[in-house]
Amino acid sequence: MPPGDLFPRDWLVPGERHDELGILKTGKESEVYLVARSGGGRTCLLAEKRFRARDRRLFRDDYLYRGVWGEGPKREHRAMKRNTRFGHEFAQRMWIWNEWHTLTRMYEAGVTVPPPVDILDGGYRMAFIGDGDRAAPRLVETELGVDEAAHAWRALLDDVARMVDADIVHGDLSAYNVLWWHRRPVIIDFSQSVDVVTHPAAGMLVERDLRALAGYFTRRGVAVDVPDALRAVGADARRFTRQLS
């Protein structure tokens, strides 16, 4: 099922007022805040992801994920290699743009992700996944029965197949980066996504994503075969620039 059926058609309020309600998550490179958007007598809740400056991140080993998209024009590429302040600023802008662009591409491809809302100078806004002001739990925090876990595994394989078909690899997919909401897995955190066509490590990353997910579902009694899963999502050597193991 596409992600659009998780939200009413008119869920997004066309308002200009945004009130910060609190922090939802603190990560290595960003923080996510709960924001109320108001207008026309209505309010909706958004998640606003704000990126830390690159020199204040706990996660800085981003070369594998920057790959081709991080090179930029010659001047910017040279500045990033030299680790100058200008290079850091350019890499920061590219990192934010890449994540926003990936979220938008995934949503348009029918992947179950939070609907994108606005891109900002230091981050972006997306739909809040939760009930009331309570965020949906991560999959790793959820104890699913065998049948429900099997349903979630199939749903995630469908979403990974949609990503591969759209030439996207998540790059850090695991039970920590999936929310469980209304009996549906919702994929989040796209900072480390890469392009299937241009990134030389795409094949390795999609296999790593599936193996990370498989560990969670195997522990819950689901019979998982990673090579079969790779074939099911269309991740074969013809699709990627590097052979899968």
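Described in the following lines is the structure provided in the data block. (Residues numbered from 1 in each chain as written. Predicted model: local features only at pLDDT ≥ 70, side-chain atom pairs only at ≥ 80, totals over all residues. Heavy atoms only, no water.)

Moving on to the packing of aromatic side chains. One pass over the full model with this rule turns up 6 aromatic pairs. Seen in terms of ring centroids, F7 and W11 are 5.1 Å apart; in terms of plane orientation they differ by 40°. Their pairing is tilted. Of the two residues, F7 and W11, both sit in the buried class. Judged by centre distance (5.5 Å) and plane angle (45°), the rings of F7 and W181 are tilted. Note that F7 is positioned in the segment before β1 (17-26) and W181 in strand β9 (residues 178-181), a separation of 174 residues in sequence. (Phe/Tyr/Trp six-rings, centres within 6.5 Å; stacked < 30°, edge-to-face > 60°. Buried < 20%, exposed > 50% of the residue type's maximum accessible area, 1.4 Å probe, protein only. Helix = DSSP H or I, 4+ residues; strand = E, 2+ residues; numbered from the N terminus.)

Here we come to the side chain of S38. When you line up the elements, S38 lands in strand β2 (residues 30-39). Sequence-distant contacts of S38, that is, excluding residues within four places in its chain, are made with V13, G15, E16, R17 and T43. (Contact = heavy atoms within 4.5 Å.)

Turning our eyes to something else, we now look at the side chain of R52. Assignment of secondary structure puts R52 in the loop between β3 (42-51) and α1 (63-66). R52 gets classed as buried once you look at its relative accessible area, which sits at 15%. Among the polar contacts made by the side chain of R52, one reaches the main-chain carbonyl oxygen of G27 at a distance of 2.5 Å. (Polar contact = N/O pair within 3.5 Å; in protein donor to acceptor, adjacent residues only side chain to side chain.)

With antiparallel pairing, 5 strands are arranged side by side in an open sheet as β1-β2-β3-β5-β4. The open sheet is flanked by β1 and β4 (116-120), the only strands paired with a single partner. For this sheet, the mean angle separating the axes of adjacent strands, direction not counted, is 25°. In this structure, β1 lies alongside β2, joined through 8 bridges in antiparallel fashion. In the sheet register, I23 faces β2, and the bridge partner there is Y33. (Pairing = 2+ DSSP bridges. Axes fitted to C-alpha atoms, helices over the stretch in contact; angles between N-to-C directions.)

Further remarks concern the pairing of strand β5 (residues 123-127). Extensive coverage of β5 is indicated by the burial of 5 of its 5 residues. Bridge count between β4 and β5: 4 bridges; the pairing is antiparallel. Its bridge partner lying in β5, D118 is registered against R125.

Now for unusual backbone geometry. One non-glycine residue with positive phi stands out, namely R183, at about 60°. Position of R183 among the secondary structure elements: in the loop between β9 and β10 (184-187). According to the relative accessible area criterion, R183 is partly exposed, its value standing at 46%. The residue D189 is not glycine, and still its phi comes out positive at about 65°. Taking the relative accessible area as the measure of exposure, D189 reaches 18% and is therefore buried.

Taken by themselves, the reported measurements are silent on function.
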